[in-house]
Amino acid sequence: MNHAAPAHKRILLKLSGEALMGDDAFGINRATIVRMVQEVVEVTRLGVQVAVVIGGGNIFRGVAGGAEGMDRATADYMGMLATVMNALALADAMNKQGVTARVMSAIDIQQVVEPYVRPKALQYLEEGKVVVFAAGTGNPFFTTDTAAALRGAEIGAELVLKATKVDGVYTADPNKDASATRYAKLSFDEAITRNLGIMDATAFALCRDQKLPIRVFSILKPGALKRVVMGEDEGTLVYA
C-alpha cells in the first residue's frame, strides 16, 4: 500500500486547558480527553513526533474567583500547577491508548513528574514518545502560548499547532458575522497589521523571530490534526 508521507516530522501542539472541559463548566471531561488523545495517537502512528503544551484554564478558572485581587505571580504559579494536573491526565490517557507519553515540568516536582531537560525531551521524541510540557515556561507573567513558542523553538519543531474551537483565523467572528471568511494563510506581518490576535504578543514575536510557522485549527473537528500533518488545507497557516 502506498501511503503519502506526513508533511511534518516534528510538531508542537498547543492545547488550551478549556479544550479539555468539553461541555462541562470546568475540570476535565473524560470523553473529550479520550477523543483528543485518539487524534494525537493517530498522527504518532504515521511517524510524526509530537510534543504538547497544555494550558490550565479549565482548572484555574474554577478557582479564579478566589484569585481576585491576588498577587499576579502567585496566581500565575497556581495556573502552572493546574497545567501539571492536565498534563498528567493527558499522559495517562495516551498511555492507556498504547502510546508512551512523558510529562516534563518547568517547575521542579520530581515526585510527580520529571523536570524539563531539553536533551532528554529530544531523546524521547526520537524514540517515538509523546512529550507533554507542563508548568508553562516556569516563570510568572508568561502565558502557555509563550511556552508553546519557546518549547517549539527549543525542540526544533517544524510547526506550532494552536488548537482552538474555531477551524482557523477568520476576517471576523464567524459566530457573529455570516460573511466572515477563513484565511488559508497569512504572513506574520499581515496578522500584526490586521490585529488578528492569534497568540499573545510575546509568543507571536518569538515564532516570528524564529521563523516558526503557526497553524490555527479546530481540535473539535474530527480528523483535523491528521489533515494538518499531512499538509492539507486545514485551518490557517501563519508563516514568516
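Residues numbered from 1 in each chain as written. Predicted model: local features only at pLDDT ≥ 70, side-chain atom pairs only at ≥ 80, totals over all residues. Heavy atoms only, no water.

**Section: unusual backbone geometry**
One can expect most non-glycine residues to show negative phi and most peptide bonds to be in trans.
Okay, step 1: The backbone of alanine 135 sits at a positive phi, close to 70 degrees, despite the residue not being glycine.
Okay, step 2: Positionally, alanine 135 belongs in the loop between strand E5 (130-134) and helix H5 (144-154).
Okay, step 3: Phi at phenylalanine 141 takes a positive value of approximately 75 degrees, unusual for a residue other than glycine.
Okay, step 4: Examined against the element boundaries, phenylalanine 141 turns out to sit in the loop between E5 and H5. (Helix = DSSP H or I, 4+ residues; strand = E, 2+ residues; numbered from the N terminus.)

**Focus: helix H4 (residues 118-126)**
Okay, step 1: Turning to H4, its buried residues are Ala121, Leu122, Tyr124 and Leu125. What you see down the axis of H4 is that its buried residues fit within an arc of 160 degrees, all on one side. Across H4 from its buried face, at more than 90 degrees, point the exposed residues Pro119 and Glu126.
Okay, step 2: Along its buried surface, H4 packs onto strand E1 (10-15), strand E2 (49-54), strand E3 (101-105), strand E4 (114-115) and E5.
Okay, step 3: Remark: glycine 128 follows H4 within two positions and exhibits a positive phi of approximately 85 degrees. (Buried < 20%, exposed > 50% of the residue type's maximum accessible area, 1.4 Å probe, protein only. Arc of directions from axis to C-beta. Contact = heavy atoms within 4.5 Å.)

**Describing the packing of aromatic side chains**
Given two aromatic rings, their pairing is described by the distance between the two centres and the angle made by the two planes.
Okay, step 1: Going through the model one piece at a time under the given rule, you end up with two aromatic pairs.
Okay, step 2: Judged by centre distance (5.3 Å) and plane angle (85 degrees), the rings of tyrosine 116 and phenylalanine 133 are edge-to-face. In this pair, tyrosine 116 sits in the loop between E4 and H4 while phenylalanine 133 sits in strand E5, placing the two residues 17 residues apart along the sequence. Of the two residues, tyrosine 116 and phenylalanine 133, neither departs from the other in class, the shared state being buried.
Okay, step 3: Lying over the aromatic face of tyrosine 116, arginine 151 brings its terminal NZ or CZ to 3.8 Å of the ring centre.
Okay, step 4: Taking the ring centre of phenylalanine 133 as reference, the NZ or CZ of arginine 151 above it sits at 5.8 Å. (Phe/Tyr/Trp six-rings, centres within 6.5 Å; stacked < 30°, edge-to-face > 60°. Lys NZ or Arg CZ within 6 Å of the ring centre and 35° of its normal.)

**Regarding the nonpolar core**
Okay, step 1: Among the nonpolar cores identified, the biggest contains 41 residues, and Leu13, Leu15, Val52, Leu90, Val130 and Phe217 are the most heavily contacted of them.
Okay, step 2: Elements with a contribution of two residues or more to this core: E1, helix H1 (30-44), E2, helix H3 (72-96), E3, E5, strand E6 (159-164) and helix H8 (224-229).
Okay, step 3: Counting residues in each nonpolar core, the second largest holds 31 residues, with Val169, Leu186, Met199 and Cys207 among its members. (Core = buried A, V, L, I, M, F, W, Y, C linked by side-chain atoms within 4.5 Å.)

**Things to note about the sheet that holds strand E8 (residues 214-218)**
Okay, step 1: Spatial ordering of the open sheet is given by E4-E3-E5-E2-E1-E6-E8-E9-E7, a layout of nine strands whose pairing is mixed. Edge strands, defined here as strands with exactly one partner in the open sheet, are E4 and strand E7 (185-187).
Okay, step 2: With four bridges joining them, E1 and E6 adopt parallel strand pairing. From the neighbouring strand, leucine 12 faces E6, where its bridge partner is valine 160.
Okay, step 3: Here H5 sits on the sheet and contacts E1, E2, E5 and E6; the angle it forms with E1, its principal contact strand, is near 170 degrees. (Pairing = 2+ DSSP bridges. Axes fitted to C-alpha atoms, helices over the stretch in contact; angles between N-to-C directions.)

**Considerations on the pairing of E8**
Okay, step 1: Most of E8 sits out of view: five of its five residues are buried.
Okay, step 2: Here E8 shows a buried face lined by Ile214, Val216 and Ser218 and a second buried face lined by Arg215 and Phe217.
Okay, step 3: In terms of strand pairing, E6 meets E8 through five bridges, oriented parallel. From the neighbouring strand, threonine 164 faces E8, where its bridge partner is serine 218.
Okay, step 4: Relative to strand E9 (residues 236-239), E8 runs antiparallel, the two sharing three bridges. Each residue of the ladder has a partner; that of valine 216, found in E9, is threonine 236.

No statement about biological role is implied by the geometric values presented.
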